[in-house]
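So you can see what is in the structure, the chains are spelled out below.
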Amino acid sequence: MKEIILNLASQTGFATLDYKNYIMIIVAFLFMYLAIAKGFEPLLLVPISFGMFLVNMFPSIIQEGGLLHYFYKLDEWSILPSLIFMGVGAMTDFGPLIAYPPSFILGAAAQFGIYGAYFLAIAFGFTGKEAAAISIIGGADGPTSIFLAGKLGMGDTLLGPIAVAAYSYMSLVPVIQPPFMKLFTTKKERLVRMPQLRKVTKLEKIIFPIVVTLVVVMILPTTAPLVGMLMLGNLFRESGVVKQLTETASNAMMYIVVILLGTSVGATTSAEAFLQVSTLKIVLLGLVAFSLGTTAGVLFGKLMCWVTKGKVNPLIGSAGVSAVPMAARVSQKVASEYDPTNFLLMNAMGPNVAGVIGTAVAAGTFMAIFNVH
């Protein structure tokens, strides 16, 4: 009997976990608090935090043969990130971008954070592929970060910390961006009212995903899994003849994929894998990349404001990161602090959806540089 009791005791979590696991469990509870009590992107943080909580009590759940191991393989194989992009496309109206094509400039400008962080990561001692995988966090795009890390062979080393950092910064867009937006703009610029966007025809909306796919994928074939799925989802939406596919892609499928992706990403944060110096570097570099991207977008917004003689509010430049539609909402929120009647949301959606395309192009560029397909 004594031997049985001792054997059972040795199998409990209390006997197998060390203090690092308890640190990660506390971090998981912090993420849960931010999601549930503060409302910071609960659709992302609730499954991520619970995956983090689960793996640090039962580490073998992410190991081969464990349930979340198979969820994680879908991340490594780039299946879940591509399906997320299809869902985003089915949910997104590209009308503001079509109505004001200069928004592409702001979406591209926000990608400077990615390239700046790439060179900084190399200076921190990471290899070229590692630096590329880390720098994409600057786009505030979790699926693209997972996609690129998997393609560059970071699945067993850096994918977990990169994914958690990317999704964390996506969730914290309303906290991180406003200080930079206010620092680099004047009160006069924040009060700029932009003209109402023109009405975009149905034909334009149908042609747009086809043309973007043709141009982007012909130039950078490596972007096909992300850009192709993004535009396929959008074609579902705009064609108006496949409502069932649109509803499935933007609702049921999207939520299923978020559950699988969120819990598997959270489960990569076992104490052994996560509590390392390299992880702290990744978190820091991700913050730098995101901050640089926000700043570059705002500064290009200021330039456009000057070129157009005050017709562009620089605040919409911060929406050039690809956190849709969070970044656009932040532009609206900051503008409304100075003028509650200033409605910038639709103008900010142009750079925001351009940023989604821009981050996918940045990922494809890195893949082409390292000859990865």
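Further up the page is the structure itself.
Rules and cut-offs
Residues numbered from 1 in each chain as written. Predicted model: local features only at pLDDT ≥ 70, side-chain atom pairs only at ≥ 80, totals over all residues. Heavy atoms only, no water. 1 Å grid on protein atoms, 1.4 Å probe; cavity = no way out; pocket = protein on both sides within 12 Å on 5 of 7 lines; lining within 4 Å. Points joined across faces, edges and corners; volume = space filled by probe spheres on them. Helix = DSSP H or I, 4+ residues; strand = E, 2+ residues; numbered from the N terminus. Core = buried A, V, L, I, M, F, W, Y, C linked by side-chain atoms within 4.5 Å. Buried < 20%, exposed > 50% of the residue type's maximum accessible area, 1.4 Å probe, protein only. Contact = heavy atoms within 4.5 Å. Axes fitted to C-alpha atoms, helices over the stretch in contact; angles between N-to-C directions. Nonpolar A, V, L, I, M, F, W, Y, C, P; charged D, E, K, R; others polar. Salt bridge = Lys/Arg side-chain N within 4 Å of Asp/Glu carboxyl O.

A. Structural context of the layout of surface pockets. Within this model, the largest pocket holds a volume of roughly 620 Å³. Take the lining of the largest pocket: its biggest share by element is 4 residues, from helix α6 (residues 79–91). In this structure, the second largest pocket spans a volume of roughly 470 Å³. I62, A267, T268, S270 and A273 are, among the 21 residues lining the second largest pocket, the residues nearest its centre. Secondary-structure elements contributing two or more residues to the lining of the second largest pocket are α3 (19–36), α5 (67–76), α12 (159–171) and α18 (271–274). Take the lining of the second largest pocket: its biggest share by element is 4 residues, from α5.

B. Region of the structure containing the nonpolar core. Counting residues in each nonpolar core, the largest one holds 111 residues, and the members touching the most others are F94, I134, I137, I162, L230 and M231. Residue contributions to this core peak at 11 residues, all from helix α21 (residues 345–369). Beyond its immediate chain neighbours, meaning those up to four positions away, I137 contacts S145, I162, A165, A166, Y169, I282 and G286.

C. Up close: the packing of helix α9 (residues 112–123) against α21. With their axes 10 Å apart at the nearest point, α9 and α21 run at an angle of 35° to one another. Counted together, I114, Y115 and Y118 of α9 and T359, A362, T365 and F366 of α21 form the full contact between these two elements. Partitioned by chemical class, the residues of the contact of α9 with α21 number 5 nonpolar, 2 polar and no charged.

D. The arrangement of empty space enclosed by the protein in detail. According to the stated counting rule, one finds 1 cavity of 30 Å³ or more in the structure shown. Its volume calculated, the largest cavity comes out at about 30 Å³. Partitioned by chemical class, the residues of the lining of the largest cavity number 6 nonpolar, 1 polar and no charged.

E. Representation of the pattern of salt bridges. Counted according to the given criterion, the structure contains 8 salt bridges. A salt bridge links E76 to K73; the nearest nitrogen and oxygen atoms lie 3.0 Å apart. On the criterion of helical spacing, the pair formed by E76 and K73 is a turn pair, its members being 3 residues apart in helix α5. Look at E76 and you get buried, because its relative accessible area is 17%.

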